[in-house]
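Letter by letter, the chains look like this.
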Amino acid sequence: MFEPTEDQAALAAAARAFCEDTLGPIAREDDEAERFRPELIRAMGEMGLCGIPTPEAYGGMGLGYFEYCLVLEEIARVSASYAVSIAVTGLPQIILNLFGTEAQKAAWLPGLASGELLGAFALSEPGSGSDAASLATTAVRDGDTYVLNGTKFWITHGSYADVYIVMARTGGPGPRGVSAFIVPGDAPGLSFGKKEEKMGMRASPTVEVVLEDVRVPADALLKEEGFGFTVAMTALDSGRITIGATSVGLCQAALDSASRYAIDRKQFGQPIVDFQGVGFMLADMACRTETARLLVHKAAALKDAGRPFSHVAAMAKVTATDAAMAVTTDAVQVFGGYGYTREYPVERYMRDAKVMQIVEGTNQIQRLVIARHLKRTYGG
Ligand code: COS
């Protein structure tokens, strides 16, 4: 089940080779320097990796989420920061594919899918995180334009992105008052506040985005007024699969490192893998990794088959991100004192894993989504 075909395996292998050659040598240095290299996204774009599920007619590969997940896993094995970049530049593509007009798609999709342009998704605000429907950014209609004002927080690619999908309020309180807009990165009035100094994912820029009288044409609106919350939630459903796949990559990286180390490291005259305490820890890490992978692949397969997948994406996100936290923490433990130093990458994996339990909806919000699904399913 979920076995890659020859073509799918070849795509994953190409991604792996690129990442090992290009990201491998700089992953530690860029983590320490908090450096993001947009040119590497462009290079991945040249390989087609920025637009895997975007239709070929718009410059993408026209493949499914299963292939997307295989590739994200490979990128994350080397640098979770860059896997998140690919996932985030994919969010505007998901939105445009589903809700864009022909003109909106033609204007943005080819650039995003080729990696020429970088995309961002601007939903969260200082006072609105999990309660996304309470957002305060406004968009006021003025003739054939909208004028946007507000502040967005924790925006991946903030200041680097060529295009932002911005959720703003055009109506009354709550989800039905929210609309979604396409805002070019060079729009007058768009500026950037502080860049967050983070525990992990340090090669991925997280920036405050400020909108001060940003004027966009009326045709920058996606669908119609009041549809923005659905746009955001639909994108996040798919995005959660990609966060799951990135977390599987972190699991695998930690498992690979810890397994090799436990074979090489000798104490009391034998490899530590032969101590049951360590061997069983590795076994549990392998079980968690494989469970996470299966559930992420199931969510991707459901999406690719056009079946309802929102609740399975939430399950995959919870399972894979909790697995990444547990597996990377155990990897540090297997490495002992060495694991706590920067000499080995496992401490980076552990720092990177933490935020996966928070982004694209905290794991508490995912459980809320799953619980609501159960309530509906059982007639509540
Ligand atoms: N797909 C499509 N539509 C959806 C949806 C989904 N997955 N989830 C909700 N909606 C729709 C609902 O159907 C409802 O529409 P109607 O008003 O027409 O009935 C509307 O959106 C409001 O839904 P709901 O009542 O469930 O909204 P809540 O305010 O209770 O919020 C949660 C729901 C908590 C799930 C949502 O706010 C959320 O996901 N929060 C986390 C935000 C997040 O992930 N932030 C990360 C940003 S990127 S790092």
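What counts, and where the lines are drawn
Residues numbered from 1 in each chain as written. Predicted model: local features only at pLDDT ≥ 70, side-chain atom pairs only at ≥ 80, totals over all residues. Heavy atoms only, no water. Near = heavy atom within 4 Å. Polar contact = N/O pair within 3.5 Å; in protein donor to acceptor, adjacent residues only side chain to side chain. Areas by Shrake-Rupley, 256 points an atom, 1.4 Å probe, with all protein chains shown as cover. Helix = DSSP H or I, 4+ residues; strand = E, 2+ residues; numbered from the N terminus. Nonpolar A, V, L, I, M, F, W, Y, C, P; charged D, E, K, R; others polar. Domains from an automatic or database assignment. Contact = heavy atoms within 4.5 Å. Buried area = accessible area lost by both parts, 1.4 Å probe. Buried < 20%, exposed > 50% of the residue type's maximum accessible area, 1.4 Å probe, protein only. Arc of directions from axis to C-beta. Salt bridge = Lys/Arg side-chain N within 4 Å of Asp/Glu carboxyl O. Pairing = 2+ DSSP bridges. 1 Å grid on protein atoms, 1.4 Å probe; cavity = no way out; pocket = protein on both sides within 12 Å on 5 of 7 lines; lining within 4 Å. Points joined across faces, edges and corners; volume = space filled by probe spheres on them.

### Considering the site of the ligand
Near the ligand lie 22 residues; those nearest to it are Ser 130, Asp 237, Arg 240, Gly 361 and Arg 372. Separating an oxygen atom of the ligand from a side-chain N or O atom of Arg 176 is a distance of 3.0 Å. In the environment of the ligand, a nitrogen atom lies 2.8 Å from a nitrogen or oxygen atom belonging to the side chain of Asp 237. The fraction of the free accessible surface of the ligand (1,000 Å²) that becomes covered by protein chains is 67%. Contributions of two or more residues to the shell around the ligand are made by helix H7 (228-264) and helix H11 (363-377). Per-element accounting of the shell around the ligand gives the leading share, seven residues, to H7. Across the shell around the ligand, the residue classes break down as ten nonpolar, seven polar and five charged. Looking at which domains feed residues into the shell around the ligand, each of domain 2 (120-226) and domain 3 (230-377) supplies at least three.

### Details of the domain arrangement of the chain
On domain assignment, one finds that the chain holds domain 1 (6-118), domain 2 (120-226) and domain 3 (230-377). In this structure, domain 1 and domain 2 have C-alpha centres spaced 22 Å apart. Taken residue by residue, the interface counts 26 residues in domain 1 and 25 residues in domain 2. Contact between domain 1 and domain 2 buries roughly 2,200 Å² in total, counting both sides, with carbon and sulfur atoms accounting for 66%. Looking at the side of domain 1 facing domain 2, the largest losses of area belong to Glu 34, Trp 108 and Leu 118, adding up to 30% of the total buried there.

### Overview of helix H3 (residues 38-46)
Every buried residue belonging to H3 is among Leu 40, Ile 41, Met 44 and Gly 45, and all of these are buried. The buried residues of H3 occupy an angular sector of 150° when the element is viewed end-on, so they sit on one face. Along its buried surface, H3 packs onto helix H1 (6-23), helix H4 (65-78), helix H5 (80-99) and helix H6 (102-114). Remark: Gly 48 follows H3 within two positions and exhibits a positive phi of approximately 90°.

### Here we look at the pattern of salt bridges
Evaluated as defined, the whole model comprises 20 salt bridges. The salt bridge partner of Arg 35 is Asp 30, with a shortest N-O separation of 2.7 Å. A salt bridge links Arg 202 to Glu 34; its shortest N-O distance comes to 3.9 Å. Here Arg 202, found in the loop between strand E6 (190-195) and strand E7 (206-217), pairs with Glu 34, found in the loop between helix H2 (27-33) and H3; they are 168 residues apart in sequence, far enough to count as distant. The exposure class assigned to Arg 202 is buried, which follows from its relative accessible area of 18%. If you follow the salt bridges from partner to partner, you end up with Asp 31, Glu 34, Arg 202, Glu 347 and Arg 351 in one network.

### So, the pairing of strand E5 (residues 178-184)
Summarising burial for E5: six of the seven residues are buried, a large majority. Here seven bridges tie strand E4 (residues 163-169) to E5, and the two strands are oriented antiparallel to one another. By the bridge assignment, Met 167 is partnered in E5 with Ala 180.

### Overview of the layout of surface pockets
Each pocket or cavity is described by its volume, and for the largest pocket that value is around 1,200 Å³. Looking at the lining of the largest pocket, the elements with two or more residues in it are H5, strand E3 (145-156), H7, helix H10 (346-356) and H11. It is H7 that provides the largest number of residues to the lining of the largest pocket, a total of six residues. Within the lining of the largest pocket, the residues separate by chemical class into 23 nonpolar, ten polar and ten charged. When its volume is computed, the second largest pocket comes out at roughly 240 Å³. Contributing to the lining of the second largest pocket are Arg 16, Glu 20, Gly 24, Glu 74, Arg 77, Val 78, Ala 253, Asp 256, Ser 257, Arg 260 and Tyr 349. Listed by contribution, the elements that provide at least two residues to the lining of the second largest pocket are H1, H4 and H7. The element best represented in the lining of the second largest pocket is H7, accounting for four residues. Looking at which domains feed residues into the lining of the second largest pocket, each of domain 1 (6-118) and domain 3 (230-377) supplies at least three.

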